[in-house]
Amino acid sequence: MEYIIETRALTKRYGNKSAVDDMSIHIKRGDIYGLIGKNGAGKTTLMKLLLGLTFADRGEIRLFGGSDLDGARRKIGSLIEAPALYRNENAFENMKRFSILAPTPDEEIHKLLAFVGLENTGRKRVREFSLGMRQRLGIAVALLGNPEILVLDEPINGLDPSGIKDIRDMILELNKRGVTFVISSHLLDELGKVATNYGIVSNGVLIEEITAGEIDRKCKTSVKAVTNNGEEAARALRRWRNDLRLENDEKSVFISSEIEDTSEIASVLVNAGVRVYELRNESVGLEDFFIERMGG
Ligand SMILES: Nc1ncnc2c1ncn2[C@@H]1O[C@H](COP(=O)(O)OP(=O)(O)O)[C@@H](O)[C@H]1O
Ligand SMILES: [Mg+2]
C-alpha cells in the first residue's frame, strides 16, 4: 500500500519526555485523517514534524511515497495553532504577502477569499476580524498554491456553531476535489462529521488507527430484551439465527451480535409465544469508544 503520508517510529523528545513517541502513522490519498487526543497528547508536535517546523530525534517520514521531504512539503498547506496574519492589513493584502511563496494571480486570490466567505471584507483590517474570520483567512492562506494535502491543527477551536459548520463544509468540498486532510482535535464533535479515518493518540503514543466504518461497526448496538421467559427467548432467537451471540438469565436475553433492525427480534420472540416487555439498545457510544482509548 502506498501512503501519501507515512511515518515510521517517529520520535520527538523535549527534555526527557517524548512528545511524539515511536509513532507510525498511515494516511492514504483522499483520507480525512482525524488526529484525536487530549491536550498535550502530541498532536501539534506530530504536525510540526510532518511540516518540517521541528525535527525528529528518531524515525522516518515519507511524503507522497518518497523521501524528498522539501519538495513534497511544497504540496502541503497548513494552519497550525493561530494563523500568523498581518493584523494591520486586510484579507487581500495578507493573501498577497503569503502568495510570495506561491505566486498566485489576483483573480485566484479573490476566488480563494470567496471560497472561505471573505469576499466582502474590503478594507477591513485583520485586527477587526472575528476569530472565525481569522480562521477562514488562515485557511485561504493555507490554500495558496493549490496544495494536495491540508494539515489543520484544531481548526474550529473556539468557533461558534455556524462557523464550525462553514469550516466543516469547506473541508468536505475540498476533499471532494481531491484534497487529503490531516485534522487534529481534542473533541470528537470536531471530527465526527468529517473524518474518514482516525489516529488516536495519548501521551505521545499512537494508540490505534481505525476507519470511521470500523468504529461504526464496533459501536453498533447490542440489544437487551426483557421477557417473561429468558430461556425460551434465547431458544427462539437461536432457531432464527444460529450464529447470534447471546446470553440469557431468567427473564432477559442479551444479544451482542450486530442487528440491522431490532424490530425483527421483537417479532421473532412474539411469534415464538414469548412476551416482550421491553426491548432496549445497549450501545457502546462513540464518545465512550474514544474516551476509553484517549486515556479516560
Ligand atoms: N517547544 C516545546 N518545548 C517543550 N515541550 C513541548 C514543546 N512543545 C510541546 N511540548 C510538550 O510536548 C507534549 C505534546 O504537546 P503538543 O504536541 O502541543 O500536544 P497537543 O497538540 O496534542 O496538545 C506536551 O507535554 C507539551 O508540553
Ligand atoms: Mg495542539
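Quick notes on the rules
Residues numbered from 1 in each chain as written. Chains lettered and ligands numbered in written order. Predicted model: local features only at pLDDT ≥ 70, side-chain atom pairs only at ≥ 80, totals over all residues. Heavy atoms only, no water. Buried < 20%, exposed > 50% of the residue type's maximum accessible area, 1.4 Å probe, protein only. Helix = DSSP H or I, 4+ residues; strand = E, 2+ residues; numbered from the N terminus. Arc of directions from axis to C-beta. Contact = heavy atoms within 4.5 Å. Polar contact = N/O pair within 3.5 Å; in protein donor to acceptor, adjacent residues only side chain to side chain. Phe/Tyr/Trp six-rings, centres within 6.5 Å; stacked < 30°, edge-to-face > 60°. Pairing = 2+ DSSP bridges. Axes fitted to C-alpha atoms, helices over the stretch in contact; angles between N-to-C directions. Parallel < 35°, antiparallel > 145°, perpendicular 65-115°, else oblique. Left-handed = near helix turned anticlockwise from the far one by under 90°. Nonpolar A, V, L, I, M, F, W, Y, C, P; charged D, E, K, R; others polar.

1. Points about helix 3 (residues 91–98)
Among the residues making up helix 3, those that are buried are Ala91, Asn94 and Met95. Buried residues in helix 3, looked at end-on, bunch into an arc of 100°, giving them a common side. Summarising the contacts, the buried residues of helix 3 are in contact with helix 4 (106–115) and helix 5 (131–143). Here helix 3 starts with a cap whose side-chain oxygen sits 3.1 Å from the backbone nitrogen of phenylalanine 92, and that cap is asparagine 90.

2. Overview of the side chain of serine 18
Its location among the elements puts serine 18 in strand 2 (residues 17–23). Accessibility expressed as a relative area gives 17% for serine 18, which makes it buried. When sequence neighbours within four positions are dropped, the list of residues in contact with serine 18 reads Thr11, Lys12, Arg13, Asn203 and Gly204.

3. So, the packing of aromatic side chains
Scanning all chains against the criterion turns up 3 aromatic pairs. A ring pair is formed by phenylalanine 289 and phenylalanine 290, whose centres lie 5.4 Å apart and whose planes are at 85°; its orientation type is edge-to-face. The pair phenylalanine 289 / phenylalanine 290 is uniform in exposure class, with both members buried. Members of the aromatic cluster, joined through ring pairs, are Tyr198, Phe289 and Phe290.

4. Brief notes about the sheet that holds strand 14 (residues 276–282)
The 4 strands are arranged 12-13-11-14 in an open sheet whose pairing can be described as antiparallel. Two strands close off the open sheet at either side, each with one partner strand: strand 12 (246–248) and strand 14. Strand-to-strand twist in this sheet, taken as the mean axis angle between neighbours without regard to direction, amounts to 15°. Running over the sheet, helix 9 (residues 230–240) touches strand 11 (222–227), strand 12 and strand 13 (252–255) and is turned about 160° from strand 12.

5. Re the environment of isoleucine 171
One can find isoleucine 171 in helix 6 (residues 161–176). Along the backbone, isoleucine 171 and valine 194 are 23 residues apart, and their C-alpha atoms lie at a distance of 7.8 Å. Other than its neighbours up to four places away in sequence, isoleucine 171 contacts Ile32, Leu152, Phe181 and Ile183.

6. Re the packing of helix 3 against helix 5
Relative orientation of the contacting elements helix 3 and helix 5 amounts to 30°, with a least axis distance of 10 Å. Here helix 5 runs roughly parallel to helix 3, going by the angle between their axes. For the element pair helix 3 and helix 5, the recorded crossing hand is right-handed. Listed contacts from helix 5 to Ala91, Asn94, Met95 and Phe98 of helix 3 are Leu137, Ala140 and Val141. Of the residues in the contact of helix 3 with helix 5, the class split is 6 nonpolar, 1 polar and no charged.

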